[in-house]
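Spelled out, the chains give:
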Amino acid sequence: MATLADAANTAAPRLLIIYTGGTVGMAVNRSGELVPMQFGRLDRKMPELARLPFQLALLSLPAPIDSSNVTPADWLFLAQLIGRHYADFDGFVVLHGTDTMAYSAAALSYVLEHLGKPVVFTGAQVPVGVSRSDAQRNLVTALEIAAARHPRAHTVRVPEVCVFFNDVLIRGTRAKKVESQQFAAFKSENYPPLARAGISLEFDDKSIRLLPGAKLKVHSNLETGVAVLRLFPGITEAVVSAILGIAGLRGCVLETYGSGNAPTAPWFLQCLANARARGVWLLNVSQCEEGRVVQGKYETSARFAELGIVGGDDITTEAAVTKLMFVLGLGLGEERTRQLLMQDLRGEITH
Ligand code: ASN
């Protein structure tokens, strides 16, 4: 672990930056492609870090990655790392590629149960060191959020896994990457941002989850036998039955239309029934960016409840995939699994 900055005041907040890769730390290789690099001396690239009133330390993954290569094993590794250093730091900032940041933030939200300290994911669209980079701005404010306390009570301000990007703080289970060319890469879906950064940081305290009563629990299992089936007009029986028939499939996010609607063709419903008979959990998530799944509102979702398909309310696909991995990874019985899938576990759904 490298010490980046020791504030003169030893009571200054202690923050751990975990560098996983992503554009923030990339450089162009000989073929002209952006590839992840070791950060080396981050404080040389960002001298402003030394001026922050924090005690900063940096940990890098042994081999930084483009976040398109992230796996559930990486999420568990990250969670263990945070768990191991939990007592020694007041907050954590994870530098991560933007492509799958929303999945990673959602996964960590589930795996870190009863979290009482901030875990702020951030990154950049332009690498640090390039003059127009957004890295400095994103990282400095993410650190401030990780250190933030309520002005009077001095309790932790954001005891959540969240994403900070381009001046907006988003709950980890509500983030979605919506832009690949602009700096405003993320959107908070179906939930207000937790904070906005302007000249000052404005927290929306009523939208932030309260401190947990219990001790942090770091879960160590995620079920990887999951899939996503996105419907489109003209989808064939061959496609649906191939996906739902995958050997070892335990759960599938069904990306449906509008308020959770899907074809009523008998072959389609039969494919769903066959999957359910094999014990595959189906979680109904809308392709719409706003709004929610209401099973039974239209005839086109009327059979879903009786087939045992779980309505995902206003959950995002990112939060749904990782929720399936987490809940199925707990290895619980039928009834408890259904309850947890329907329940709001980490602020991912609003009933
Ligand atoms: N491909 C990069 C990544 O996700 C994109 C980025 O970080 N802006 O690692």
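Residues numbered from 1 in each chain as written. Predicted model: local features only at pLDDT ≥ 70, side-chain atom pairs only at ≥ 80, totals over all residues. Heavy atoms only, no water.

Caption draft 1: Spotlight on the overall build of the protein chain. Each helix and strand in the protein chain was counted, giving nine helices and 19 strands. By the compact-globule yardstick of 20 Å for 351 residues, the protein chain fits well, its C-alpha radius of gyration being 21 Å. Each principal axis of the C-alpha atoms in the protein chain carries an extent, and together these give about 70 × 55 × 35 Å. The proportion of buried residues among the 351 residues of the protein chain is 55%. Taking contacts inside the protein chain between residues at least 6 apart in sequence as the whole, the part at least 24 apart equals 75%. Of the roughly 15400 Å² of accessible surface on the protein chain, a fraction of 53% belongs to carbon and sulfur atoms. (Helix = DSSP H or I, 4+ residues; strand = E, 2+ residues; numbered from the N terminus. Rg over C-alpha atoms; globule rule 2.2 N^0.38 Å. Buried < 20%, exposed > 50% of the residue type's maximum accessible area, 1.4 Å probe, protein only. Contact = heavy atoms within 4.5 Å. Areas by Shrake-Rupley, 256 points an atom, 1.4 Å probe, with all protein chains shown as cover.)

Caption draft 2: Geometry of the sheet that holds strand β19 (residues 310-311). Across the sheet, four strands lie side by side as β16-β17-β18-β19; this open sheet has parallel pairing. Lying at the two open borders of the sheet, with one neighbouring strand each, are β16 (226-230) and β19. Contacts from helix α5 (residues 237-244) reach β16, β17 (251-256) and β18 (281-286), with the element oriented near 165 degrees to β16. (Pairing = 2+ DSSP bridges. Axes fitted to C-alpha atoms, helices over the stretch in contact; angles between N-to-C directions.)

Caption draft 3: Structural detail: the UniProt feature "domain: Asparaginase/glutaminase C-terminal" (unreviewed entry) in the protein chain. According to UniProt, the feature "domain: Asparaginase/glutaminase C-terminal" (unreviewed entry) maps to residues 226-340 in the numbering used here. Secondary structure within residues 226-340 divides into 38% helix and 17% strand; the distance between the first and last C-alpha atoms comes to 16 Å. (UniProt positions renumbered as here; feature names shortened; annotations may be inferred.)

Caption draft 4: View of the site of the ligand. Around the ligand, the neighbouring residues are G22, T23, M26, D66, S67, G97, T98, D99, A124 and Q125. In the model, a nitrogen atom of the ligand is placed 2.9 Å from a nitrogen or oxygen of the T23 side chain. The backbone of A124 places a nitrogen or oxygen atom 3.0 Å from a nitrogen atom of the ligand. Calculation on the ligand without its partners gives an accessible area of 270 Å², and the protein chains cover 91% of this total. Here the residues of the shell around the ligand are counted per class, giving two nonpolar, six polar and two charged. (Near = heavy atom within 4 Å. Polar contact = N/O pair within 3.5 Å; in protein donor to acceptor, adjacent residues only side chain to side chain. Nonpolar A, V, L, I, M, F, W, Y, C, P; charged D, E, K, R; others polar.)

Caption draft 5: The packing of α5 against helix α6 (residues 266-277), seen in detail. Running from amino to carboxyl end, α5 crosses α6 at an angle of 5 degrees, the nearest separation of the two axes being 10 Å. Taken together, α5 and α6 sit at an angle that is classed as roughly parallel. Contact residues: α5 offers E237, V240, S241 and L244, while α6 offers W267, F268, C271, L272 and A275. Among the residues forming the contact of α5 with α6, the class breakdown is seven nonpolar, one polar and one charged. (Parallel < 35°, antiparallel > 145°, perpendicular 65-115°, else oblique.)

Caption draft 6: Structural context of the pairing of β16. Pairing of β16 with β17, which is carried by five bridges, proceeds in the parallel orientation. Bridging from a neighbouring strand, L229 pairs with L254 of β17. Viewed along the sheet, the connection from β16 through α5 into β17 turns out right-handed. (Right-handed = clockwise from strand over helix to strand, strands pointing away.)

Caption draft 7: The pairing of strand β9 (residues 161-165), seen in detail. Counting buried positions along β9 yields five of five residues, so the element is predominantly enclosed. Strand direction decides the pairing type here: strand β8 (residues 119-122) and β9, joined by three bridges, are parallel. Across the sheet, the residue bridging to F121 is V163, located in β9. In the classification by handedness, the crossover that spans β8, the intervening helix α4 (residues 135-147) and the parallel β9 is left-handed. Pairing analysis gives four bridges linking β9 to strand β10 (residues 168-171), with the strands arranged antiparallel. What sits directly across from C162, in β10, is R171. Where β9 folds back on β10, the antiparallel hairpin that results is connected by two residues, among which N166 adopts a positive phi of roughly 45 degrees.

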